[in-house]
Number of protein chains: 2
Amino acid sequence: MNTSDFRKHAHELVDWMADYFENVEDLPVLPDIKPGDILKQLPNSAPEKAESFDAIFKDFKDVIMPGITHWESPNFMAYFPANKSKASVLAEMLMSTLGSQCMIWLTSPSAAELEEQVMIWIREMLGLSDEYTGVIQDTASTATLSALLTAREKVTNFSINKEGFNEQKFTVYASSEIHSSIEKAVKIAGFGASQFRQVSVDENFAMRSDILAETIEKDIADGFTPVCVISAIGTTSTTAIDPISKISEICKKHKIWHHVDAAYAGTALVLPELRWMAEGVDDADSFVFNPHKWMFTNFDCTAYFVKDPVALVNTFTITPDYLKTSVDEEVKNYRDWGIPLGRRFRALKLWFVIREMGVEGIQKKIREHVALGKWLAKQVIDHPDFELMAPVPLNTVCFRFTSAKEDRLDDINEQIMNTINKSGRLFFTQTKLLDQFTLRLAFGNTNLEAYHVENAWNLIQEVSKIHKQDA
Amino acid sequence: MNTSDFRKHAHELVDWMADYFENVEDLPVLPDIKPGDILKQLPNSAPEKAESFDAIFKDFKDVIMPGITHWESPNFMAYFPANKSKASVLAEMLMSTLGSQCMIWLTSPSAAELEEQVMIWIREMLGLSDEYTGVIQDTASTATLSALLTAREKVTNFSINKEGFNEQKFTVYASSEIHSSIEKAVKIAGFGASQFRQVSVDENFAMRSDILAETIEKDIADGFTPVCVISAIGTTSTTAIDPISKISEICKKHKIWHHVDAAYAGTALVLPELRWMAEGVDDADSFVFNPHKWMFTNFDCTAYFVKDPVALVNTFTITPDYLKTSVDEEVKNYRDWGIPLGRRFRALKLWFVIREMGVEGIQKKIREHVALGKWLAKQVIDHPDFELMAPVPLNTVCFRFTSAKEDRLDDINEQIMNTINKSGRLFFTQTKLLDQFTLRLAFGNTNLEAYHVENAWNLIQEVSKIHKQDA
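Parameters and conventions
Residues numbered from 1 in each chain as written. Chains lettered and ligands numbered in written order. Predicted model: local features only at pLDDT ≥ 70, side-chain atom pairs only at ≥ 80, totals over all residues. Helix = DSSP H or I, 4+ residues; strand = E, 2+ residues; numbered from the N terminus. Rg over C-alpha atoms; globule rule 2.2 N^0.38 Å. Buried ≥ 20, exposed ≤ 12 C-beta atoms within 10 Å, placed from the backbone. Contact = placed C-beta atoms within 7 Å. Pairing = 2+ DSSP bridges. Nonpolar A, V, L, I, M, F, W, Y, C, P; charged D, E, K, R; others polar. Axes fitted to C-alpha atoms, helices over the stretch in contact; angles between N-to-C directions. Parallel < 35°, antiparallel > 145°, perpendicular 65-115°, else oblique. Left-handed = near helix turned anticlockwise from the far one by under 90°. Least-squares fit on C-alpha atoms with pLDDT ≥ 70 in both. Core = buried A, V, L, I, M, F, W, Y, C linked by C-beta atoms within 7 Å.

The subject of this paragraph is the overall build of chain A. Of the regular secondary structure elements, chain A holds 14 helices and 11 strands. Relative to a compact globule of 471 residues, whose C-alpha radius of gyration would be 23 Å, chain A shows 24 Å and is just as compact. Each of the three principal axes of chain A carries a C-alpha extent, and together these read 65 × 60 × 45 Å. The buried share of chain A, taken over its 471 residues, is 58%. Restricting the contact set of chain A to residue pairs at least 6 apart, pairs at least 24 apart contribute 75%.

This paragraph deals with the pairing of strand β6 (residues 286–289) of chain B. Residue and element names in this part refer to chain B. Burial along β6 is two-sided: the face carrying Ser-286 and Val-288 and the face carrying Phe-287 and Phe-289 are both buried. Pairing analysis gives three bridges linking strand β5 (residues 257–261) to β6, with the strands arranged parallel. In the strand pairing of β6, Asp-261 is matched with Val-288. With four bridges connecting them, β6 and strand β7 (residues 302–306) associate as antiparallel partners. Among the inter-strand pairings, Phe-289 is bridged to a residue of β7, identified as Ala-303.

Another aspect to go through is the interface of chain B and chain A. Across the boundary between the two partners, chain B contributes 123 residues, which contact 123 residues of chain A. With 14 residues, the top contributor of residues to the side of chain B that touches chain A is helix α1 (residues 3–23) of chain B. Classifying every residue of the side of chain B that touches chain A gives 58 nonpolar, 36 polar and 29 charged.

A few words now on unusual backbone geometry. Residue and element names in this part refer to chain A. In the segment running from Phe-299 into Asp-300, the intervening peptide bond is cis, with an omega of 0°. Relative to the helices and strands, Asp-300 resides in the loop between α10 (291–294) and β7 (302–306). Of note, Phe-158 is a non-glycine position whose phi angle comes to about 65°, a positive value. Secondary-structure assignment places Phe-158 in the loop between α5 (140–155) and α6 (159–163). Assessed through the 16 C-beta atoms surrounding it within 10 Å, Phe-158 is described here as partly exposed.

Residues and elements named next belong to chain B. Spatially, the four strands line up as an open sheet ordered β8-β9-β11-β10, and their pairing is antiparallel. Looking along the sheet, the strands with just one partner apiece sit at the ends: β8 (386–388) and β10 (429–433). Averaged over neighbouring strand pairs, the angle between their axes works out to 40° when direction is ignored. Sheet analysis places β8 next to strand β9 (residues 396–401), joined by three bridges and oriented antiparallel. Counted as the bridge partner of Phe-386 is Phe-401 from β9. In this fold helix α12 (residues 347–382) packs onto β8, β9 and β11 (436–442), with an angle of close to 20° to the strand it touches most, β9. Across the sheet, helix α13 (residues 409–423) touches β9, β10 and β11, and the angle it forms with β11 is around 30°.

It is worth spelling out the packing of helix α4 (residues 109–125) of chain B against α12(B) at this point. All names here are of chain B. At a closest axis distance of 9 Å, the pairing of α4 and α12 adopts a crossing angle of 40°. By the angle between their axes, α4 is oblique relative to α12. The handedness of the crossing between α4 and α12 comes out as left-handed. Between α4 and α12, the contacting residues are Ala-111, Leu-114, Glu-115, Val-118, Trp-121 and Met-125 on the first element and Ala-347, Leu-348, Leu-350, Trp-351, Ile-354 and Val-359 on the second. A breakdown of the residues in the contact of α4 with α12 according to their chemical character gives 11 nonpolar, no polar and one charged.

All names here are of chain A. Spatially, seven strands are ordered β1-β7-β6-β5-β4-β2-β3 in an open sheet, and the strand pairing comes out mixed. Edge positions in the sheet fall to β1 (133–137) and β3 (196–199), since each of these pairs with one other strand and no more. Pairwise comparison of adjacent strand axes, ignoring direction, gives a mean angle of 20° for this sheet. The pairing of strand β4 (residues 225–232) with strand β5 (residues 257–261) spans five bridges and is parallel. Bridging from a neighbouring strand, Val-229 pairs with His-258 of β5.

Attention now goes to the relation of the copies chain B and chain A. Mapping chain B onto chain A leaves a residual RMSD of 0.0 Å; the transformation is a rotation of 180° accompanied by 0.0 Å of translation along its axis. Accordingly, the operation relating the two chain copies is best matched by a two-fold axis. Interface overlap between copies: 100% of the residues of chain B at the interface are likewise at the interface in chain A, consistent with a symmetric, same-surface contact.

Attention now goes to the pairing of strand β11 (residues 436–442) of chain A. All names here are of chain A. The element β11 is largely enclosed, with a buried count of six among its seven residues. Pairing between strand β9 (residues 396–401) and β11: four bridges, direction antiparallel. By the bridge assignment for β11, Thr-396 is matched with Ala-442. Pairing analysis gives five bridges linking strand β10 (residues 429–433) to β11, with the strands arranged antiparallel. Within the sheet, the bridge partner assigned to Gln-430 lies in β11 and is Leu-439. Hairpin connection, β10 to β11: the antiparallel pair is bridged by two residues, and Leu-434 has positive phi, about 50°.

Once that is clear, we can look at the nonpolar core. Counting 314 residues, the largest nonpolar core has Met77(A), Leu148(A), Cys228(A), Met77(B), Leu148(B) and Cys228(B) as the members making the most contacts within it. Not counting residues within four places of it along the chain, the set of residues in contact with Cys228(B) comprises Ala147(B), Leu148(B), Ala151(B), Val172(B), Ile256(B), Trp257(B) and His259(B).

Shown next, in the form of structure tokens:
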């Protein structure tokens, strides 16, 4: 493709992109397709001859788009959002054009220095201590694995990196509500799932710090070496808030690495009135949150903060001859700050988003989203046919329909969810709380307004009514 | 930003992007800046108030662009390219607009099914056995770590995932020329660097399979459990080709996982005349290459092929309640096929690139690049002042200036490189071969033509002349 064809096609795409933003709200959030529906429309082999871009773009519209789940829709209330903003999309356009590979300073000096500065901005925006140093990673799974590995090396004086494991057994702690990626990280790091202690939670689904303390003490007595406690500000199921301050205290006492996983809720710390959630975070060792979840920045973009970046770098550093440069002593070579060697120019989109919205603009959106969570929680509490299943500190609401026989509730709630999701008017997901099937709506989409939440609630009530007559 | 502002700014950006593609060749490849030059132009704190997009875009041009290393320039001959094509940039525009998070089928059915099909296309394009199943990952570092972890779990019957390491010691093998990410992966997986055997290479910098066999046998006799051999099709320094077939044979004999790292050179297997490099790859267990290096697809995009995807999935799978769907039995949930949970819609750019270029178009480019490598190798061999330092099977040429006193050659070659890189007319990097400072040029840039290589060679000769007078 020559440059003038690129110019022509890129302008066409921009109009399609803007139209998509305009119309996405009216599209079915979940596509009405079965497994295999897309696959069977695709040729078995790659084309030998070049095809025209018009043909490719037509297939994108005709074949791919009908099988897209619209994360961009304000009616997407499933999981946590992978939200974004138009400024972030504009940044991605430039990032892909430059194609910078930001493994070391020399391969993209602007990227390295912008990353350093933007992470300072974010640290300040969230009210984190300036003892933290930030680095951008791809996902919270990877950042948490980085934390666990650094903790592993620090506690063993870097001996596992050098010699591997011996008979010494290590333990890792998190609440039973922690994200699944933590157990995955525990396995990858070689500790073994049986050394992963899932500490019980209280009635708010937050970690019981007294049980944590007891478990650690028992483990130490039994000859285990505790390596890391992973606490959550905002668990995945219910956005429960672990008692960070108490956990930091326990960790300090036993010299255990305390990693705070605020993957989703971290963004909410831009609001001073929500900083109570993070009390004690400045006594932790590391903190992660995803601007790609709730800070309006395209996936992927994870912000990882660490108190001891030297330990992080020492865990990962390897400098072969072909990567040495004359400025290695003066600059940050972020290659050594995480697992993959290659790195995209992610700082650019954070810079665009923060400037285009301003801190005030981000705060305003987050405040609105939290208010919508509180609003729905109140409707649920006030409604005789529904039950709130967990506190709503932020914008994720867990509840269920209850006006039917108890032994049918799981099935009925699942049916309600499936009926609505199939309609394409709304998409939300489930969780299991106290072994009960629970409806779960998260309000973090960039384009979300009050009427979307009202519509969702009306739809849920409407569909539920049928089951009430059944009961 | 509302949609009409987005439309306006995105059109402005497209013109800037097209202009950039037109002019990039004339820009200094490496920016002429010092550490801190960009940082000092950035405000210490995030702006409270929203800023206009015009102001942001102006700063992008005035502050960021002067500190960019132009990976897009055809005069970029450093490292391996992170090359791309205009079709790939167009795909990235759509990817960022959809913002699909492709962790499971339900969250983006088209992405999951397109990924499955495109990986079949690529398997066929490279002539790999249909016993391989493909999955897209972010980087080769991560894919190789995935291979190592799967090997670890398979050889221990998944007991390290469950119970962690015990006193059993495991060994991992690669040549002394293997990429640094391998040692990093060995450490992350908990084996310890001292259990990583760097097997000597022959005069072509390829692994000595006889020494590999001996080392493995000695390790087994000494009570170690060999887990994995990582061979290279195209090492990082010189694109040396390990004897894959012999290594596969040794691995089969001892039931060791054989992972083939073809991160850069894998793309060259689109050429039947180069498939000799991969003889024996169908007897290996896994294979990785980066379309983001030489298949004209924006970073990041890694193609990982594995014979036993069930073992891969069993290594990583964790299905919490909030990720269960009703179609889990029927579909591929790629979340379980690698380390990060979240995944971008990378299949789209592969699909765009392969269709827009056609297999023939990709073959043509690769053939041209390989011919340019051979051409420069010949010039070097024919020139009395230069010495070829390694065979050139592909398009990476390692050589040095030799017309001076032997004890000054390292310094002189480094000076030649620094002088040229500083000029902005060309950017290449060094490696160390047989402990000698070596100039290394790689010709994989999408826009590379013969005259760029001729210019580079002329420039190197011209700058070297001064040192000849010195000698």
